[in-house]
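# A look at the structure
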Amino acid sequence: MDELDHDQRFKTLIQEFFDDFMRLFFARWAERLDCSSPEWLPQEVFPDPPEGPRRVMDLVARLPAREPIPGARPTEGAWLALVHIEIESPDKAAPLRGRMHRYHVALRDRYGLPVLPIGVFLRVGLDGIGIDTHLETFWELEVVRFQYLYVGLPGLDGVQYVQGDNWLGVALAALMRIPRERVAWLGAEALRRLTEAPLPKRKQFLLSECVQAYLPMDVQLRAEFEELLKAEPYRGVQAVNKTVYEQGLETGRREQLRELLEEDLGPLPAKVLDRLNTMPIDQLRPLVKAALRTNSLEGLTDD
């Protein structure tokens with residue numbers, strides 16, 4: 001998988017389907033927060049400016065709460081909160097725990113708002129959905145006990161979620177626990193449902209691409225999957241999904257590249273935005289990678 005797309009794919013999915021994400025995995029919290037129109041904040045944090053190490057969080061949303069938050073103060077008559085989400089792809093949970101605590105402290109210091117921390121594990125199941133803890137001790141003294149919500153996708157039942165009524169859950173079923181004998185069926189069923197979903201083409205593309213990118217298939221399972229798509233009720237899914245994919249691919253890729261550049265280099269000048277919209281995608285990607293590597297837009301502004 002292209003490392004340029006990996007984390008960005010999940011950031012884009014959660015931003016596009018934030019309300020669905022919260023209701024799918026953290027319904028009790030979603031009921032008390034207004035998740036319909038989050039304001040996405042800059043993720044960079046400088047713990048010790050200006051010499052401190054540069055750290056980049058994955059996603060930080062500012063949004064209203066539907067009820068008072070103990071210990072917090074209303075801002076301009078509204079109860080505001082932050083939701084901080086970190087997406088963890090390694091197959092260990094331990095490295096995230098301390099990082100979640102450090103980011104939490106930095107966000108509280110910067111914004112002065114209560115922060116709901118959430119970890120998304122792509123390769124660690126834990127208990128599926130739960131609360132994880134970062135603990136610091138000085139001998140027998142418990143100095144820090146910090147907790148955060150998490151979802152460990154491999155710990156959830158993919159067959160259950162692919163049949164659910166949450167479209168994000170249908171797509172993320174590809175990263176969940178799937179019996180080998182049902183992998184091909186789950187992929188075909190997910191694509192069928194997403195193709196028929198009452199969603200804009202862009203959202204269909206994002207969800208379908210997630211299924212195709214993460215469904216765990218070897219040569220044998222790929223052959224079974226392709227055979228399934230030739231029979232009812234999946235006949236035609238491949239053709240329709242290809243059209244959706246082609247329509248959304250270029251637009252989605254260009255938006256991801258723009259977001260990556262803005263995250264690292266800040267607001268982009270008009271000339272760079274024009275190139276992002278017009279340059280052939282196969283020529284554009286190496287220039288974006290070079291810009292991220294050198295921390296410079298020079299290659300994208302040269303005539």
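What you see is a predicted model, and the numbers here were worked out from it, not measured in a lab. (Residues numbered from 1 in each chain as written. Predicted model: local features only at pLDDT ≥ 70, side-chain atom pairs only at ≥ 80, totals over all residues. Heavy atoms only, no water.)

## Here we look at the packing of aromatic side chains
Put simply, the rule reads: To pair, rings of Phe, Tyr and Trp, with the six-membered ring standing in for Trp, must have centres within 6.5 Å; the planes then decide the type, stacked if under 30 degrees apart, edge-to-face if over 60, and tilted in the middle. A run of H or I in DSSP becomes a helix once it reaches four residues, and a run of E becomes a strand once it reaches two; helices and strands are each numbered from the N terminus. The rule is simple: take the accessible area with a 1.4 Å probe, protein chains only, and divide by the maximum for that residue type; under 20% is buried, over 50% is exposed, in between is partly exposed. Here, over-ring charges are defined by two tests on the NZ atom of lysine or the CZ atom of arginine: distance to the ring centre within 6 Å, and angle to the ring normal within 35 degrees.
If you walk through the whole model with that rule in mind, you get nine aromatic pairs. For the pair Phe18 and Trp40, a centre-to-centre distance of 5.4 Å together with 80 degrees between the ring planes defines the contact as edge-to-face. You can see Phe18 sitting in helix 2 (residues 18-25) and its partner Trp40 sitting in strand 1 (residues 39-40), a full 22 residues away along the chain. On the basis of relative accessibility, which here comes to 25%, the residue Trp40 falls in the partly exposed class. Taking 6.1 Å as the distance between ring centres and 70 degrees as the angle between the ring planes, the aromatic pair formed by Phe121 and Tyr150 counts as edge-to-face. Note that Phe121 is positioned in strand 6 (residues 115-121) and Tyr150 in strand 8 (residues 141-152), a separation of 29 residues in sequence. No difference in accessibility class separates Phe121 from Tyr150, as the two residues are buried. Following the ring pairs from residue to residue traces out a cluster consisting of Phe21, Phe25, Phe26 and Tyr161. For the cation-ring pair, Arg182 lies above Trp185, with the distance from its terminal atom to the ring centre recorded as 4.3 Å.

## Details of the pattern of salt bridges
The line we're drawing: Salt bridges are defined as contacts in which a side-chain nitrogen from Lys or Arg sits within 4 Å of a carboxyl oxygen from Asp or Glu.
Tallying each qualifying case throughout the model produces 15 salt bridges. Residues Arg99 and Glu88 are paired through a salt bridge, measuring 2.5 Å at the closest nitrogen-oxygen approach. Residue Arg99 is found in helix 4 (residues 94-111), and its partner Glu88 is found in strand 5 (residues 80-88); the two are separated by 11 residues along the sequence. Across the pair Asp132 and Arg97 runs a salt bridge, and its minimum N-O distance is 2.7 Å. With a gap of 35 residues between them, Asp132 in strand 7 (residues 129-138) and Arg97 in helix 4 connect regions that are remote in the sequence. We classify Asp132 as buried; its relative accessible area is 10%. Put simply, Glu86, Glu88 and Arg99 are held in one network by salt bridges that share partners.

## Examining the nonpolar core
Let me state the cut-off plainly: Here, nonpolar core means buried Ala, Val, Leu, Ile, Met, Phe, Trp, Tyr and Cys residues that are tied together by side-chain atoms lying within 4.5 Å of each other. Throughout, a residue-residue contact means that at least one pair of heavy atoms, one from each residue, lies within 4.5 Å.
With 59 residues, the main nonpolar core has Phe21, Met22, Phe25, Ile118, Leu153 and Leu172 as its most contacted residues. In terms of residue count, helix 7 (residues 183-196) provides more of this core than any other element does, seven residues in total. Ignoring sequence-local partners within four residues, the contact set of Leu172 consists of Phe10, Leu13, Phe25, Leu153 and Cys210. Among the nonpolar cores identified, the runner-up in size contains 11 residues, and Leu268, Val272, Leu297 and Leu300 belong to it.

## A word on the packing of helix 7 against helix 8 (residues 201-214)
Filter applied, for reference: Axis angles are defined between N-to-C directions and span 0 to 180 degrees, where every axis is a line fitted to C-alpha atoms and, for a helix, only to the segment in contact. Note on angle classes: values under 35 degrees are labelled roughly parallel, values over 145 roughly antiparallel, values of 65 to 115 roughly perpendicular, and the remainder oblique. When residue character is reported, Ala, Val, Leu, Ile, Met, Phe, Trp, Tyr, Cys and Pro are called nonpolar, Asp, Glu, Lys and Arg charged, and the others, Gly included, polar.
Relative orientation of the contacting elements helix 7 and helix 8 amounts to 175 degrees, with a least axis distance of 10 Å. Taken together, helix 7 and helix 8 sit at an angle that is classed as roughly antiparallel. Mapping the contact onto sequence places Gly187, Ala190, Leu191, Leu194 and Thr195 in helix 7 and Gln204, Leu207, Ser208, Val211 and Gln212 in helix 8. For the contact of helix 7 with helix 8, the class distribution of residues is five nonpolar, five polar and no charged.

## Some points on the pairing of strand 5
Short version of the rule: Pairs of strands are assigned from DSSP output, requiring at least two bridges between the strands. Whether a crossover is right-handed comes down to one check: with the strands pointing away from the viewer, does the path from the first strand over the helix to the second run clockwise; if it does, it is right-handed.
Among the nine residues of strand 5, eight are classified as buried, and the element is accordingly described as predominantly covered. Pairing of strand 5 with strand 6 involves seven bridges; the strand directions are parallel. Counted as the bridge partner of Glu88 is Phe121 from strand 6. Crossover handedness for the path strand 5 to helix 4 to strand 6: right-handed.

## Here's the deal with helix 7
Under the convention used in this document: For a helix, the expected span equals 1.5 Å multiplied by the number of residues minus one.
Taking 1.5 Å per residue, 14 residues should reach 20 Å; helix 7 reaches 20 Å between its end C-alpha atoms and fits that length. Among the residues of helix 7, Val183, Ala184, Leu186, Gly187, Ala188, Glu189, Ala190, Leu191, Arg192, Arg193, Leu194 and Thr195 are the ones counted as buried.

## As for the side chain of Thr12
Residue placement: Thr12 occurs in helix 1 (residues 3-16). Among all residues touching Thr12, those that are not within four sequence positions of it are Arg202, Leu206, Gln256 and Glu259.

## Digging into the pairing of strand 8
Each regular strand carries side chains that alternate between the two faces of the sheet. Here strand 6 pairs with strand 8 via four bridges, running parallel. Each bridged residue has a counterpart across the sheet, and for Val120 the counterpart in strand 8 is Val151. Inspection of the sheet shows strand 7 paired to strand 8 by 10 bridges, in the antiparallel sense. What sits directly across from Glu136, in strand 8, is Val144.

## With respect to empty space enclosed by the protein
For the record, the criterion: Cavity: a set of points on a 1 Å grid over the protein atoms alone where a 1.4 Å probe fits but cannot get out. Pocket: an open set with protein on both sides within 12 Å along at least five of seven lines, its lining residues, like those of a cavity, having an atom within 4 Å of a point. Grid points are joined across faces, edges and corners, and a volume is the space filled by probe spheres set on the points.
Applying the stated criterion across every chain yields a total of one cavity of 30 Å³ or more. For the largest cavity, the calculated volume is near 50 Å³. What lines the largest cavity is simply Phe10, Leu13, Ile14, Phe21, Val120, Leu153, Leu168 and Leu172. When residues of the lining of the largest cavity are traced back to their parent elements, those giving at least two are helix 1 and helix 6 (167-172). With three residues, the single largest contributor to the lining of the largest cavity is helix 1. In the lining of the largest cavity, the residues fall into eight nonpolar, no polar and no charged.

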